Amino acid sequence: LLWLAPSLALAQHASRSIGAPNRGRLEDGVRIAETEHLVLQPASTAHFWGTAELVGLITRAAEGLHEQSPGPRVMVGALSRRRGGRLPPHRSHQNGRDLDVGYALTDEDGAPVEARRFVELDEGGCGRDRGVAYCLDASRTFWLFAALLADPEAGVQWILIAPDLREQVLAAGRRLGVADEVRERVALAT
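Residues numbered from 1 in each chain as written. Predicted model: local features only at pLDDT ≥ 70, side-chain atom pairs only at ≥ 80, totals over all residues. Heavy atoms only, no water.

## As for the overall build of the protein chain
Inclusion rule: Working definition: helices are DSSP H or I runs of at least four residues, strands are E runs of at least two. Numbering for both runs from the N terminus. A radius of gyration in this sense is built from C-alpha atoms; the matching globule rule multiplies 2.2 Å by the number of residues raised to 0.38. Relative accessibility thresholds used throughout: buried, under 20% of the residue-type maximum; exposed, over 50%; partly exposed, between the two (1.4 Å probe, protein chains only). Here a residue-residue contact requires only that any non-hydrogen atoms of the pair lie within 4.5 Å. Shrake-Rupley sampling with a 1.4 Å probe provides the accessible areas, and residues are treated as covered by the protein chains on show and by no other component. We count Lys and Arg on the positive side and Asp and Glu on the negative side, and we leave His and both chain ends out. The atom standing in for a charge is NZ when the residue is Lys, CZ when it is Arg, CG when it is Asp and CD when it is Glu.
When you go through the protein chain residue by residue, the secondary structure sums to four helices and 13 strands. Relative to the compact-globule value of 16 Å for 190 residues, the protein chain shows a C-alpha radius of gyration of 16 Å, a close match. Oriented by its inertia axes, the alpha-carbon framework of the protein chain measures out at about 45 × 40 × 30 Å. Here the protein chain, with 190 residues, has 51% of them falling under the buried criterion. Counting contacts in the protein chain only where the partners sit at least 6 residues apart, residues at least 24 apart contribute 68% of the total. Total accessible area computed for the protein chain in this model is approximately 9,500 Å², and 49% of it derives from carbon and sulfur atoms. Here the protein chain contributes 22 positively and 25 negatively charged side chains, and the mean placements of these two sets differ by 8 Å.

## Concerning the state of the cysteines
Convention followed: Note on terminology: pairs of cysteine sulfur atoms within 2.5 Å are recorded as disulfides.
Summed over the entire model, instances satisfying the criterion amount to one disulfide. One disulfide bridge connects C126 with C135, the sulfur atoms lying 2.0 Å from each other. Because the torsion about its S-S bond is 105°, the bridge between C126 and C135 counts as right-handed.

## Concerning the sheet that holds strand β12 (residues 132–136)
Stated formally: In this scheme, strands are said to pair when DSSP sees at least two bridges between them.
Read from one edge to the other, the open sheet built from four strands follows the order β10-β9-β12-β11, with strand pairing classed as antiparallel. Both edges of this open sheet fall to β10 (112–113) and β11 (126–129), since each of them pairs with a single strand only. Relative to β10, strand β9 (residues 105–106) runs antiparallel, the two sharing two bridges. Of the residues in β10, the one forming a bridge with L105 is V113.

## As for the pattern of salt bridges
Keep this limit in mind: The salt bridge definition used is simple: a Lys or Arg side-chain nitrogen within 4 Å of an Asp or Glu carboxyl oxygen.
Under the counting rule described, the total for this entry stands at nine salt bridges. Residue R73 pairs with E34 through a salt bridge whose shortest N-O separation is 3.9 Å. Within this pair, whereas R73 is found in the loop between α1 (52–68) and β7 (74–76), its partner E34 is found in the loop between β4 (30–31) and β5 (38–40), the two being separated by 39 residues in sequence. The partly exposed category is assigned to R73, whose relative accessible area is 31%. Overall, the relative accessible area of 44% leaves E34 in the partly exposed class. Counted as one network, the salt bridges with shared partners bring together E34, R73 and E114.

## Quick look at the layout of surface pockets
Going by this rule: In this analysis, the protein atoms alone were mapped onto a 1 Å grid. Cavities are point sets where a 1.4 Å probe fits without being able to get out; pockets are open sets with protein on both sides within 12 Å along at least five of seven lines; lining residues have an atom within 4 Å of a point. Grid points are joined across faces, edges and corners, and a volume is the space filled by probe spheres set on the points.
Of the volumes computed, that of the largest pocket is approximately 410 Å³. M75, V101, G102, Y103 and F118 are, among the 24 residues lining the largest pocket, the residues nearest its centre. Broken down by secondary-structure element, the contributors of at least two residues to the lining of the largest pocket are β7 and α2 (138–149). Here the lining of the largest pocket takes three residues from α2, the largest share from any one element.

## Let's talk about unusual backbone geometry
Backbone torsion omega between P88 and P89 reads 5°, so that peptide bond is classified as cis. Counting through the fold element by element, P89 comes out in the loop between β7 and β8 (98–99). With phi around 65°, H93 is a residue other than glycine that occupies positive phi space. Inspection of the secondary structure puts H93 in the loop between β7 and β8. Owing to a relative accessible area of 1%, H93 belongs among the buried residues under this scheme. Residue R130 is not a glycine yet carries a positive backbone phi of 50°.

Put into C-alpha coordinates, the structure is as follows:
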(Lines give C-alpha, C1' and ligand atoms only; values in the text may rest on other atoms or scores of the structure.)
Protein backbone atom coordinates (compact mmCIF):
# COMPACT_ATOMS: atom_id res chain seq x y z
CA LEU A 1 0.00 0.00 0.00
CA LEU A 2 1.30 3.42 -0.89
CA TRP A 3 0.23 6.76 0.62
CA LEU A 4 0.84 10.22 -0.77
CA ALA A 5 1.85 13.02 1.56
CA PRO A 6 -1.30 15.03 2.31
CA SER A 7 0.16 18.44 1.48
CA LEU A 8 1.21 17.35 -2.00
CA ALA A 9 -2.08 15.68 -2.80
CA LEU A 10 -3.76 19.10 -2.64
CA ALA A 11 -1.61 20.74 -5.32
CA GLN A 12 -2.78 22.79 -8.29
CA HIS A 13 -4.61 19.95 -10.09
CA ALA A 14 -8.38 19.93 -10.40
CA SER A 15 -8.77 16.75 -8.36
CA ARG A 16 -8.98 17.21 -4.61
CA SER A 17 -8.41 14.80 -1.78
CA ILE A 18 -10.45 15.79 1.25
CA GLY A 19 -10.10 14.28 4.71
CA ALA A 20 -8.09 11.33 5.94
CA PRO A 21 -7.42 8.11 3.98
CA ASN A 22 -9.86 6.30 6.28
CA ARG A 23 -12.45 9.09 6.45
CA GLY A 24 -12.52 11.22 3.36
CA ARG A 25 -13.72 11.86 -0.13
CA LEU A 26 -12.41 12.61 -3.60
CA GLU A 27 -13.51 15.47 -5.85
CA ASP A 28 -12.87 15.45 -9.61
CA GLY A 29 -10.84 12.25 -9.41
CA VAL A 30 -8.86 10.84 -12.32
CA ARG A 31 -9.39 7.28 -13.54
CA ILE A 32 -6.20 5.28 -13.90
CA ALA A 33 -5.74 3.38 -17.17
CA GLU A 34 -3.57 0.46 -18.19
CA THR A 35 -0.42 1.34 -20.06
CA GLU A 36 2.44 -0.54 -21.63
CA HIS A 37 4.05 -0.73 -18.17
CA LEU A 38 1.01 -0.75 -15.88
CA VAL A 39 -1.70 -3.40 -15.46
CA LEU A 40 -4.84 -3.13 -13.34
CA GLN A 41 -5.82 -6.05 -11.14
CA PRO A 42 -9.08 -7.42 -12.44
CA ALA A 43 -11.26 -5.96 -9.72
CA SER A 44 -14.26 -3.71 -9.98
CA THR A 45 -13.49 -0.78 -12.26
CA ALA A 46 -15.23 1.40 -9.69
CA HIS A 47 -12.03 1.21 -7.59
CA PHE A 48 -9.65 2.88 -10.05
CA TRP A 49 -10.02 6.58 -9.17
CA GLY A 50 -7.45 8.82 -7.49
CA THR A 51 -6.02 12.28 -7.43
CA ALA A 52 -4.22 13.42 -10.56
CA GLU A 53 -0.99 13.31 -8.51
CA LEU A 54 -1.50 9.68 -7.48
CA VAL A 55 -2.44 8.47 -10.96
CA GLY A 56 0.48 10.37 -12.50
CA LEU A 57 2.86 9.06 -9.84
CA ILE A 58 2.19 5.37 -10.38
CA THR A 59 2.15 5.78 -14.17
CA ARG A 60 5.53 7.54 -14.14
CA ALA A 61 6.99 5.07 -11.62
CA ALA A 62 5.98 2.10 -13.79
CA GLU A 63 7.70 3.73 -16.78
CA GLY A 64 10.76 4.52 -14.64
CA LEU A 65 10.96 0.94 -13.40
CA HIS A 66 10.87 -0.34 -16.97
CA GLU A 67 13.68 2.03 -17.96
CA GLN A 68 15.81 0.95 -14.97
CA SER A 69 14.93 -2.75 -15.05
CA PRO A 70 12.86 -3.93 -18.03
CA GLY A 71 10.37 -6.65 -17.21
CA PRO A 72 6.73 -7.35 -16.48
CA ARG A 73 4.21 -4.58 -15.90
CA VAL A 74 3.50 -3.10 -12.46
CA MET A 75 0.19 -4.31 -11.05
CA VAL A 76 -2.17 -1.81 -9.43
CA GLY A 77 -5.19 -2.74 -7.34
CA ALA A 78 -7.62 -0.53 -5.49
CA LEU A 79 -7.31 3.25 -5.42
CA SER A 80 -10.65 4.87 -4.49
CA ARG A 81 -14.19 5.15 -5.75
CA ARG A 82 -14.94 7.98 -8.16
CA ARG A 83 -16.05 10.27 -5.33
CA GLY A 84 -14.14 8.52 -2.56
CA GLY A 85 -15.84 7.28 0.58
CA ARG A 86 -15.93 3.77 1.99
CA LEU A 87 -14.43 1.03 -0.13
CA PRO A 88 -14.97 -2.33 1.60
CA PRO A 89 -13.01 -4.32 2.64
CA HIS A 90 -10.42 -1.52 2.89
CA ARG A 91 -10.23 0.81 5.86
CA SER A 92 -8.42 3.45 3.82
CA HIS A 93 -8.77 4.17 0.07
CA GLN A 94 -11.38 6.85 0.77
CA ASN A 95 -9.78 10.04 -0.54
CA GLY A 96 -7.77 9.17 -3.66
CA ARG A 97 -4.34 9.39 -2.03
CA ASP A 98 -3.50 5.70 -1.54
CA LEU A 99 -3.32 2.64 -3.75
CA ASP A 100 -2.41 -1.01 -3.69
CA VAL A 101 0.60 -1.80 -5.84
CA GLY A 102 2.00 -5.27 -6.45
CA TYR A 103 5.58 -6.26 -5.80
CA ALA A 104 7.74 -7.34 -8.71
CA LEU A 105 7.72 -11.14 -8.86
CA THR A 106 9.71 -14.02 -10.30
CA ASP A 107 8.82 -17.61 -11.07
CA GLU A 108 10.43 -20.57 -9.27
CA ASP A 109 13.49 -20.28 -11.50
CA GLY A 110 14.03 -16.58 -10.77
CA ALA A 111 12.73 -15.27 -14.11
CA PRO A 112 10.62 -12.08 -13.91
CA VAL A 113 6.92 -12.88 -14.28
CA GLU A 114 3.60 -11.04 -14.24
CA ALA A 115 0.99 -12.63 -11.97
CA ARG A 116 -2.70 -12.58 -12.86
CA ARG A 117 -3.58 -11.02 -9.51
CA PHE A 118 -1.96 -10.12 -6.19
CA VAL A 119 -0.10 -13.04 -4.62
CA GLU A 120 0.21 -13.42 -0.86
CA LEU A 121 3.89 -13.95 -0.04
CA ASP A 122 5.17 -15.78 3.03
CA GLU A 123 8.04 -14.70 5.30
CA GLY A 124 10.53 -16.11 2.82
CA GLY A 125 9.07 -14.00 0.04
CA CYS A 126 7.30 -16.76 -1.91
CA GLY A 127 3.70 -17.77 -2.41
CA ARG A 128 1.36 -19.70 -4.68
CA ASP A 129 -1.67 -18.72 -6.69
CA ARG A 130 -3.74 -21.35 -8.50
CA GLY A 131 -0.88 -23.83 -8.21
CA VAL A 132 1.74 -21.46 -9.65
CA ALA A 133 4.70 -20.46 -7.46
CA TYR A 134 5.85 -16.85 -7.26
CA CYS A 135 8.65 -15.16 -5.32
CA LEU A 136 9.51 -11.57 -4.53
CA ASP A 137 11.85 -9.96 -7.04
CA ALA A 138 13.55 -7.84 -4.40
CA SER A 139 15.76 -5.96 -6.88
CA ARG A 140 12.93 -4.84 -9.19
CA THR A 141 10.77 -4.04 -6.16
CA PHE A 142 13.59 -1.86 -4.80
CA TRP A 143 13.77 -0.03 -8.16
CA LEU A 144 9.98 0.44 -8.11
CA PHE A 145 10.11 1.94 -4.62
CA ALA A 146 13.03 4.17 -5.63
CA ALA A 147 11.08 5.40 -8.69
CA LEU A 148 8.03 6.17 -6.54
CA LEU A 149 10.11 8.11 -4.04
CA ALA A 150 12.07 10.06 -6.67
CA ASP A 151 8.95 11.37 -8.41
CA PRO A 152 9.24 15.13 -8.99
CA GLU A 153 5.50 15.85 -8.81
CA ALA A 154 4.08 13.76 -5.95
CA GLY A 155 5.45 13.04 -2.49
CA VAL A 156 5.13 9.52 -1.12
CA GLN A 157 4.61 9.48 2.61
CA TRP A 158 4.64 5.73 3.29
CA ILE A 159 5.08 2.44 1.51
CA LEU A 160 3.62 -0.31 3.66
CA ILE A 161 5.38 -3.66 3.38
CA ALA A 162 5.78 -6.63 5.74
CA PRO A 163 9.02 -6.41 7.77
CA ASP A 164 10.54 -9.61 6.36
CA LEU A 165 9.89 -8.53 2.76
CA ARG A 166 11.18 -5.04 3.56
CA GLU A 167 14.49 -6.52 4.69
CA GLN A 168 14.80 -8.43 1.41
CA VAL A 169 14.12 -5.26 -0.59
CA LEU A 170 16.64 -3.21 1.42
CA ALA A 171 19.26 -5.97 1.08
CA ALA A 172 18.71 -5.90 -2.68
CA GLY A 173 19.38 -2.15 -2.67
CA ARG A 174 22.71 -2.79 -0.92
CA ARG A 175 23.63 -5.54 -3.42
CA LEU A 176 22.74 -3.26 -6.33
CA GLY A 177 25.25 -0.71 -5.08
CA VAL A 178 22.64 2.05 -5.03
CA ALA A 179 23.67 5.40 -3.55
CA ASP A 180 23.27 5.67 0.22
CA GLU A 181 20.77 8.53 -0.18
CA VAL A 182 18.43 6.39 -2.31
CA ARG A 183 18.68 3.38 0.01
CA GLU A 184 18.02 5.61 3.02
CA ARG A 185 14.95 7.14 1.33
CA VAL A 186 13.53 3.65 0.67
CA ALA A 187 14.31 2.56 4.24
CA LEU A 188 12.56 5.61 5.71
CA ALA A 189 9.45 5.34 3.55
CA THR A 190 9.03 1.63 4.25
